[in-house]
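Remarks on the overall topology
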Amino acid sequence: MASEKPLVAITCTAPTNIAVIKYWGKRDEKLILPINSSLSVTLHQNQLKTTTTAAISRDFKEDRIWLNGKEEDVGHPRLQSCLREIRRLARKRRSGSDGDSVPLSYKVHIASVNDFPTAAGLASSAAGYACLVYTLAQLYGVESELSEVARQGSGSACRSMLGGFVQWHMGERPDGKDSIAQQVAPESHWPELRVLVLVVSAERKPVASTAGMQTSVETSPLLKFRAESVVPGRMAEMVRCIKERDFEGFGQLTMKDSNQFHATCLDTFPPICYLSDTSRQIIGLVHCFNAHYGKTKVAYTFDAGPNAVIFTLEDTVAEFVAVIKQIFPPEMNGDKFLKGLAVEPAELSEELKSALAVEPSPGGIRYVIATQVGPGPQVLEDPQQQLLGPNGLPKLAS
Ligand code: DP6
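A brief look at the structure comes next. (Residues numbered from 1 in each chain as written. Predicted model: local features only at pLDDT ≥ 70, side-chain atom pairs only at ≥ 80, totals over all residues. Heavy atoms only, no water.)

Scanning the chain for helices and strands turns up nine helices and 17 strands. What you see for the chain is a C-alpha radius of gyration of 22 Å, in line with the 21 Å of a compact globule of 398 residues. Every one of the 398 residues in the chain was classed for burial, and the buried ones make up 56%. Expressed as a percentage of contacts within the chain between residues at least 6 apart in sequence, the contacts between residues at least 24 apart total 78%. Accessible surface for the chain amounts to roughly 17,400 Å². Of this, 53% is attributable to carbon and sulfur atoms. Of the side chains in the chain, 42 bear a positive and 44 a negative charge, and the two mean positions are spaced by 5 Å. (Helix = DSSP H or I, 4+ residues; strand = E, 2+ residues; numbered from the N terminus. Rg over C-alpha atoms; globule rule 2.2 N^0.38 Å. Buried < 20%, exposed > 50% of the residue type's maximum accessible area, 1.4 Å probe, protein only. Contact = heavy atoms within 4.5 Å. Areas by Shrake-Rupley, 256 points an atom, 1.4 Å probe, with all protein chains shown as cover. Lys, Arg positive; Asp, Glu negative; His and termini not counted. Charge placed at Lys NZ, Arg CZ, Asp CG, Glu CD.)

We now examine the sheet that holds strand β15 (residues 338-340). On the basis of which strands lie adjacent, the open sheet formed by five strands has the order β13-β14-β12-β16-β15 and mixed pairing. Each edge of the open sheet is held by one strand with a lone partner, namely β13 (298-301) and β15. Within this sheet the neighbouring strands show an average axis-to-axis angle of 25 degrees, counted without direction. Pairing of β15 with strand β16 (residues 365-372), which is carried by three bridges, proceeds in the parallel orientation. Bridged to Gly 340 within β16 is Ala 370. Taken strand by strand, helix α6 (residues 247-267) contacts β12 (193-200), β13 and β14 (308-313), and its axis lies near 25 degrees from that of β13. (Pairing = 2+ DSSP bridges. Axes fitted to C-alpha atoms, helices over the stretch in contact; angles between N-to-C directions.)

Let us now look at the environment of Ala 9. Within the secondary structure, Ala 9 is located in strand β1 (residues 8-15). On the basis of relative accessible area, Ala 9 is assigned to the partly exposed category, the value being 24%. For the pair Ala 9 and Leu 139, spaced 130 residues apart in sequence, the C-alpha to C-alpha distance is 7.1 Å.

All right, on to α6 then. Between its first and last C-alpha atoms α6 spans 30 Å; for 21 residues at 1.5 Å apiece the expected length is 30 Å, and the two agree. With a side-chain oxygen positioned 3.3 Å from the backbone nitrogen of Glu 248, the residue opening α6 is Asp 246. (Expected span 1.5 Å × (residues − 1). Polar contact = N/O pair within 3.5 Å; in protein donor to acceptor, adjacent residues only side chain to side chain.)

Surveying the vicinity of the ligand reveals 18 residues, the closest of which are Tyr 23, Lys 26, Arg 78, Ser 154 and Ser 156. Within the contact set of the ligand, an oxygen atom lies 2.6 Å away from a side-chain nitrogen or oxygen of Tyr 23. In this structure, an oxygen atom belonging to the ligand sits 2.7 Å away from a side-chain N or O atom of Arg 78. For the ligand, whose free accessible area comes to 460 Å², the fraction covered by protein is 94%. With three residues, the single largest contributor to the shell around the ligand is helix α4 (residues 209-219). Looking at the shell around the ligand, its residues break down into seven nonpolar, six polar and five charged. (Near = heavy atom within 4 Å. Nonpolar A, V, L, I, M, F, W, Y, C, P; charged D, E, K, R; others polar.)

In this chain, Phe 269 is followed by Pro 270 through a cis amide linkage whose omega measures -5 degrees. Summarising the element assignment, Pro 270 is placed in the loop between α6 and α7 (277-293). Despite not being glycine, Ile 32 shows a phi value in the positive range, around 55 degrees. Inspection of the secondary structure puts Ile 32 in the loop between β3 (26-28) and β4 (33-34). Positioned with a positive phi, Arg 245 is a non-glycine residue whose angle comes to about 50 degrees. Among the secondary structure elements, Arg 245 is positioned in the loop between α5 (221-243) and α6.

A few words now on the packing of helix α1 (residues 77-94) against helix α2 (residues 124-140). When two helices pack together, their arrangement is given by the angle between the helix axes and by the axis-to-axis distance. Remark: α1 packs on α2, axes separated minimally by 10 Å, with the N-to-C direction vectors making an angle of 25 degrees. The orientation of α1 relative to α2 falls into the category roughly parallel. Taken as a pair, α1 and α2 cross one another with a handedness that is right-handed. Note on element contacts: α2 touches α1 through Tyr 129, Leu 132, Val 133, Leu 136, Ala 137 and Tyr 140, opposite Arg 78, Leu 79, Cys 82, Leu 83, Ile 86, Arg 87, Ala 90 and Arg 94. Classifying every residue of the contact of α1 with α2 by side-chain character gives 11 nonpolar, no polar and three charged. (Parallel < 35°, antiparallel > 145°, perpendicular 65-115°, else oblique. Left-handed = near helix turned anticlockwise from the far one by under 90°.)

The tally for this structure, following the rule as stated, stands at 18 salt bridges. Across the pair Arg 88 and Glu 85 runs a salt bridge, and its minimum N-O distance is 2.9 Å. Of this pair, Arg 88 and Glu 85 both sit in helix α1, three residues apart, which is roughly one turn of the helix. With a relative accessible area of 34%, Arg 88 lands in the partly exposed category. Residue Glu 85 is classed as buried on the basis of its relative accessible area of 13%. Here Glu 244 and Arg 240 are joined by a salt bridge, their closest N and O atoms 2.5 Å apart. (Salt bridge = Lys/Arg side-chain N within 4 Å of Asp/Glu carboxyl O.)

Let us look at the state of the cysteines. Summed over all chains, the structure comprises zero disulfides. Distance from the sulfur of Cys 12, which forms no disulfide, to the nearest cysteine sulfur (Cys 131) is 6.2 Å. On the basis of relative accessibility, which here comes to 0%, the residue Cys 12 falls in the buried class. Considering cysteine sulfurs only, Cys 82 is the nearest to Cys 158, which forms no disulfide, with 11 Å between them. (Disulfide = S-S within 2.5 Å.)

Below is the structure:
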C-alpha cells in the first residue's frame, strides 16, 4: 500500500502563457472570476517553465512550501484555496474508496522553481499556480476539471493548464463552475509561429496586476466598455484568425488589444503606466517595420510591465532580431543577449535601415528569449529531477 512508503513524491513542469486578448478585472475577487473572457498562447517549456515537486509522508508535521529554494508562508490564501480544492476533489473521488491512493490526512511538502528570473516580470504566477495544481492533482490522483482550481491561484494560471492556443471563458455562474479554460488549437496547429520575449531594463517595479486591476474595475469607465462591448467580438475574431492561421489578422488584433488594455490602465485613477520609453520605442519600431513591408509581419503585446512579447513567423525571426540588435545595441553585462531557439545572423538592407526612423538606444533591451508555442503541463518521470530529497526537504535549499 502506498501509505506505507516513507515518501510519495511527484514532479511536474508547467508553462507560462501570453494573452493576446487580455484579462483585466474581476467580478469576484475570492473565486477569481473575470469581467471578460481572454485568450492566450502557451509558451514552450524548453525556454520558460516552472518545475514543482509535491511529496507526502506520514512523518511531515505540517504543510510547507519552498519557492526558488526559500521557504514561504503556506497560509497564503490563494495557495490555501488550491490545496483545499484539490483535497476536496480527491476526497470526492475516493468516496467509495480504493486502498491504493495516498492518504489525504498526511501533510504535503512542495518545492517549486522557475527557470527564468521572477524579476523579469514574465508571468511567473501563471506557470507557478498551474504547476502547483497539476502536480497536486497527480499526487492525489485527481482527474477532474483542473483549470477551475488553477484559476483560484491566479486568473491567468487557468490558461497555463493547456498547451497551444487557449481561451478562458469568463462564465456566468456565481460559483465559477463555468469559468474555465478550453483549448482553441493544439501547439502543433501553427508551426511557423514564433515568439520573442524582449526583456527590457526596467527602472522601477510596476503595480502588481491583482491590485492594478482592482483599481481599474473601480475607476475606469473604459474598462467597463471594453469588457461589455469590445472583448466578446474580439474573442470570436481571434479564434477565427488562429483557426485560419491568418497572421495579418492575428497580429493586428493582438496589438490593438494590448493597446486597449494599456489605455484602460491610463484611464484608471490614479493612472497606471506599465509601458516604459523602451516599450514605446519597440511599438514604434514594429509599426515602422510593418509599414516598410506593407503588411503585418511582426506584432507586439505587453502585460503588466514594460517587457514586450513579439509574435512573428519563422521566415521573419532572423531579420527582426537583427533590427532589434541595430536599434538596441546589447550592453556588455555578461548576459548572453540571445537565449532560447537558435536565430541565424541576418544582414539588413539599406532600405530597411533608413525606413527604421527610431533613434538607437544602447542597452534598452537586456536580452531576448526566442521561443514558440508549446504544450501544457507535463509529469517528469526521472527521479533525479525531483526538487525534494528523501528527507522531504529541498535539495537546493538556501
Ligand atoms: C495583464 O492572472 O496575474 O497578464 O488573477 O490577480 O492573479 P490575478 O492576476 P493575473 O493577471 C494577468 C493580467 C495580464 C493579462 C492576462 O494575462 O490576460
